[in-house]
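Coordinates in review
Next come the chains, spelled out residue by residue.
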Amino acid sequence: MKYLEKGLEVLKLIENHGFEAYIIGGSVRDHLLGNVTHDVDICTNASIEDLSKIFNNITLNGSKYLSVTVTYDNFDFEITHFRRDVSYVNHRHPIVEEVSDIYE
């Protein structure tokens, strides 16, 4: 099964637990261009603790980035809480702050 289809399943699981979730990043671009997607990133208002209750196989990517990797049906998905990049260290590592919705 394709990454995007599995990503939609992950998105629906998050939504079924009462949270917002959106597919973001390169997979959206790939879909619009008709290209095969090889990864799917998701952002949500679910906290890392909430995601731990929804998914069994979760890896912390560093709480300071508000991000985890969820392995679902042998596919890995990076899921990040809604956040704003405040600044960057070495032009690469973001300093982030949690925000309440996708528009921020």
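Residues numbered from 1 in each chain as written. Predicted model: local features only at pLDDT ≥ 70, side-chain atom pairs only at ≥ 80, totals over all residues. Heavy atoms only, no water.

**Some thoughts on the overall build of the protein**
The condition is simple: For helices the rule is a DSSP run of H or I covering at least 4 residues; for strands it is a run of E covering at least 2, with both sets numbered from the N terminus onward. The size measure is the radius of gyration over C-alpha atoms, and the globule rule it meets is 2.2 Å times the number of residues to the 0.38 power. Residues count as neighbours in contact if any of their non-hydrogen atoms are within 4.5 Å of one another. Only the protein chains shown count as covering a residue, and every accessible area follows the Shrake-Rupley method with a 1.4 Å probe. Charge counting treats Lys and Arg as positive and Asp and Glu as negative, with His and both chain ends excluded. To locate a charge, the coordinates of NZ of Lys, CZ of Arg, CG of Asp or CD of Glu are taken.
Of regular secondary structure, the protein possesses 3 helices and 7 strands. Counting from the amino terminus, the protein carries its helices and strands in the arrangement α-β-α-β-α-β-β-β-β-β. In terms of overall dimensions, the protein is globule-like: its C-alpha atoms have a radius of gyration of 14 Å, near the 13 Å expected for 104 residues. Overall, the protein is about 35 × 35 × 25 Å in size when its C-alpha atoms are taken along their principal axes. In the protein, the share of contacts with a sequence separation of at least 24, taken over all contacts with a separation of at least 6, comes to 41%. As presented, the protein carries roughly 6,700 Å² of accessible surface, and 49% of it is formed by carbon and sulfur atoms. In the protein, which carries 9 positive and 17 negative side-chain charges, the distance between the mean positions of the two groups comes to 4 Å.

**Remarks on the pairing of strand β2 (residues 40-44)**
Within a regular strand, side chains alternate between the sheet's two faces. The following threshold applies: Exposed residues in this analysis have more than 50% of their type's maximum accessible area, buried residues have under 20%, and partly exposed residues fall in between, with area computed by a 1.4 Å probe over protein chains only. Pairing between strands requires that DSSP locate at least two bridges from one strand to the other.
β2 sits mainly inside the fold: 4 of its 5 residues count as buried. As paired elements, strand β1 (residues 21-24) and β2 share 4 bridges and run antiparallel to each other. Paired with Ile24 across the bridge in β2 is Asp41.

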